[in-house]
Amino acid sequence: MKNRSILRITLSVAAASILHTSCDALLLTSISPRSKRVASSIRSVQSSLTSEDATSNQYDKIYFDIGVKTQPNNQRGSTILNVGRLWFNLTPTNHPHYLPLHISNLCNLAASKRKAIDSKATYVGCTFQFSPATIDDGFGRYRWGHQCDGYGRNGIQVSLASGQLTDWDEPFSDPERVKDCVHASFGGKYYGWRYDEISDLLSTEGGDDTAAILLTVPIHGPGAGTSKFSIVRVSESPREWGERLLLNSAVVGFLDCGDNGGFGDDTNDGRSSLDVLRAMAQQKIGVPTIVGCGTEMNE
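Because the structure is a prediction, the values reported are computed rather than measured.

Criteria and cut-off values
- Residues numbered from 1 in each chain as written.
- Predicted model: local features only at pLDDT ≥ 70, side-chain atom pairs only at ≥ 80, totals over all residues.
- Heavy atoms only, no water.
- Helix = DSSP H or I, 4+ residues; strand = E, 2+ residues; numbered from the N terminus.
- Buried < 20%, exposed > 50% of the residue type's maximum accessible area, 1.4 Å probe, protein only.
- Contact = heavy atoms within 4.5 Å.
- Areas by Shrake-Rupley, 256 points an atom, 1.4 Å probe, with all protein chains shown as cover.
- Pairing = 2+ DSSP bridges.
- Phe/Tyr/Trp six-rings, centres within 6.5 Å; stacked < 30°, edge-to-face > 60°.
- Core = buried A, V, L, I, M, F, W, Y, C linked by side-chain atoms within 4.5 Å.
- Salt bridge = Lys/Arg side-chain N within 4 Å of Asp/Glu carboxyl O.
- pLDDT = per-residue confidence, 0-100.

**Q** Just checking my understanding: could you explain the overall build of the protein chain for this structure?
**A** Within the protein chain one finds 6 helices and 10 strands. Of all 299 residues assigned to the protein chain, the portion counted as buried reaches 51%. Contacts spanning at least 24 positions in sequence make up 68% of the contacts within the protein chain whose residues lie at least 6 apart. Of the roughly 13900 Å² of accessible surface on the protein chain, 48% is carried by carbon and sulfur atoms.

Structure (structure tokens):
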């Protein structure tokens, strides 16, 4: 990015609407006041964990730095506009609905552990689906899901019944763990961390501007057992959708709404992760792109 002309999306607290000028102009999008940081300890909102276990556990975290790729014009090629950083709290390892293989795959790709060997073993440079249909639903409401397919490489290998390991581009599964964390919902099923548990946690410890925005991976259907993941805006979606948005997928974390949404030269500009996600959802400039990613793991 040093050799590129990098512009910044200015997220102004005073802005009340999205303003568009020319294709070279920046997007000014309204943001909420900085939300109170969701505490990093888990309270005992589930009966399966003791109070001591719950409050002593620190979240492992994963982050994605988001930029927006502009359309090229006659004078120059496309540029990347800095939107900000999305921080997610991952399912604790001592949680009964922890999915070790799926979370390890996500984390290894975010940490780019094999990038020196395979340039596609990362999320850097990957894009989210983007079209007029992914910006809003026609009524000015936020888009309720953002999907990233990744490059199709996995960050882990899994032992097969034959004793062989899966190839890096071969889908994997974890049926034994998945069957232990299945939740019935609206005639279907979803897996992993329960939505109502996360919602209760956020309502207890979150600030006034906290939303239940979940990090999911597909368990069944297209992209299952691959690099694909989604950011699902359950609490900001139409009420009639709700948990239906989670069917056939596993919840592996949730957005830390109040965490610092800045990165690089913009680390302390007041944005929160929730501000960044809302700006990403509203903007119409170009394709949301992961320009950086990583993990913050507790020892």
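**Q** Help me out: how do you make sense of the environment of Ile 66 in this one?
**A** With respect to the secondary-structure elements, Ile 66 resides in strand β2 (residues 61–69). Taking the C-alpha atoms as reference points, Ile 66 and Asn 82, separated by 16 residues in sequence, lie 6.6 Å from one another. Ignoring anything within four residues of it in the chain, the contact list for Ile 66 reads Leu 81, Asn 82, Val 83, Gly 84, Leu 86, Phe 128, Phe 263, Met 280, Pro 288, Thr 289, Ile 290 and Val 291.

**Q** I keep staring at helix α6 (residues 273–282) and nothing clicks. Help me out?
**A** Because each turn of an α-helix spans 3.6 residues, side chains separated by three or four positions end up pointing in the same direction. Of all 10 residues making up α6, 10 are buried, and the element is well covered by its neighbours. Listing the buried residues of α6 in full gives Ser 273, Leu 274, Asp 275, Val 276, Leu 277, Arg 278, Ala 279, Met 280, Ala 281 and Gln 282.

**Q** Just checking my understanding: could you explain the pairing of strand β7 (residues 214–218) for this structure?
**A** Taken residue by residue, a regular strand's side chains alternate between the two faces of the sheet. β7 sits mainly inside the fold: 5 of its 5 residues count as buried. Because side chains alternate across β7, one face comprises the buried residues Leu 214, Thr 216 and Pro 218, and the other comprises Leu 215 and Val 217, equally buried. Pairing of β7 with strand β8 (residues 229–232), which is carried by 3 bridges, proceeds in the antiparallel orientation. Its bridge partner being in β8, Leu 215 is matched across the sheet by Ile 231.

**Q** Could you clarify how one ought to interpret the packing of aromatic side chains in this entry?
**A** Two numbers describe a pair of aromatic rings. These are the distance of the centres and the angle of the planes. All told, the structure shown has 9 aromatic pairs when counted by the stated rule. Note on Tyr 59 and Phe 254: the rings are 5.7 Å apart at their centroids and 90° apart in plane angle, and the pair reads as edge-to-face. Note that Tyr 59 is positioned in the loop between α1 (51–56) and β2 and Phe 254 in strand β9 (residues 249–255), a separation of 195 residues in sequence. In terms of burial, Tyr 59 and Phe 254 fall into one category: buried.

**Q** Could you clarify how one ought to interpret the nonpolar core in this entry?
**A** What tends to happen in soluble globular proteins is that the nonpolar side chains get buried as a cluster. In terms of nonpolar packing, the biggest core is built from 42 residues, with Phe 64, Leu 86, Tyr 123, Leu 215, Phe 229, Ile 231 and Ile 290 touching the most fellow members. Listed by contribution, the elements that provide at least two residues to this core are β2, β3 (80–90), α2 (100–110), β7, β8, β9, α6 and β10 (287–296). When sequence neighbours within four positions are dropped, the list of residues in contact with Phe 229 reads Phe 64, Leu 106, Tyr 123, Phe 128, His 146, Gln 147, Cys 148, Leu 215, Thr 216, Val 217 and Ile 290. Grouped together as the second largest cluster of nonpolar side chains are 15 residues, Tyr 190, Ala 212, Leu 214 and Val 234 included.

**Q** Just checking my understanding: could you explain the pattern of salt bridges for this structure?
**A** Side chains that differ in sign of charge can pair as their charged atoms come close. Going through the model one piece at a time under the given rule, you end up with 9 salt bridges. The closest approach of N and O atoms between Arg 153 and Asp 118, which form a salt bridge, is 2.7 Å. Taken as a pair, Arg 153 in the loop between β4 (145–148) and α4 (175–178) and Asp 118 in the loop between α2 and α3 (132–135) lie far apart in primary sequence, 35 residues in all. Overall, Asp 118 belongs to the buried group, its relative accessible area being 13%. Glu 236 is paired through a salt bridge with Arg 233; the nearest N and O atoms lie 2.5 Å apart. Residue Arg 233 is classed as buried on the basis of its relative accessible area, which comes to 0%. Overlapping salt bridges bring together Lys 61, Asp 256 and Asp 259 as one network.

**Q** Help me understand the confidence of the model for the protein chain, please; the structure alone is not making it clear to me.
**A** Keep in mind that low pLDDT regions are not for reading the predicted coordinates in detail. Model confidence for the protein chain is summarised by a mean pLDDT of 77, while 72% of its residues fall at 70 or above. Counting interchain partners and residues more than four positions distant, the pLDDT-below-50 stretch residues 1–57 has 122 contacts.

**Q** Help me understand the pairing of strand β6 (residues 188–192) in this model?
**A** Along β6, 4 of the 5 residues are buried, which leaves the element largely enclosed by surrounding structure. Pairing analysis gives 4 bridges linking strand β5 (residues 182–185) to β6, with the strands arranged antiparallel. What sits directly across from Ala 184, in β6, is Lys 189. Between β5 and β6, which pair antiparallel and follow one another directly, the connecting turn spans 2 residues, one of which, Phe 186, has a positive phi of 50°. Across 2 bridges, β6 lies against β9 in parallel orientation. Note on β9: the bridge partner recorded for Gly 192 is Val 251.

**Q** It is not clear to me how α2 should be interpreted in this structure. Could you clarify?
**A** Counting buried positions over the 11 residues of α2 gives 8, a clear majority of the element. Listed as buried for α2 are His 102, Ile 103, Asn 105, Leu 106, Cys 107, Asn 108, Leu 109 and Ala 110. Downstream of α2 by one or two residues, Ser 112 has phi in the positive range, about 55°.

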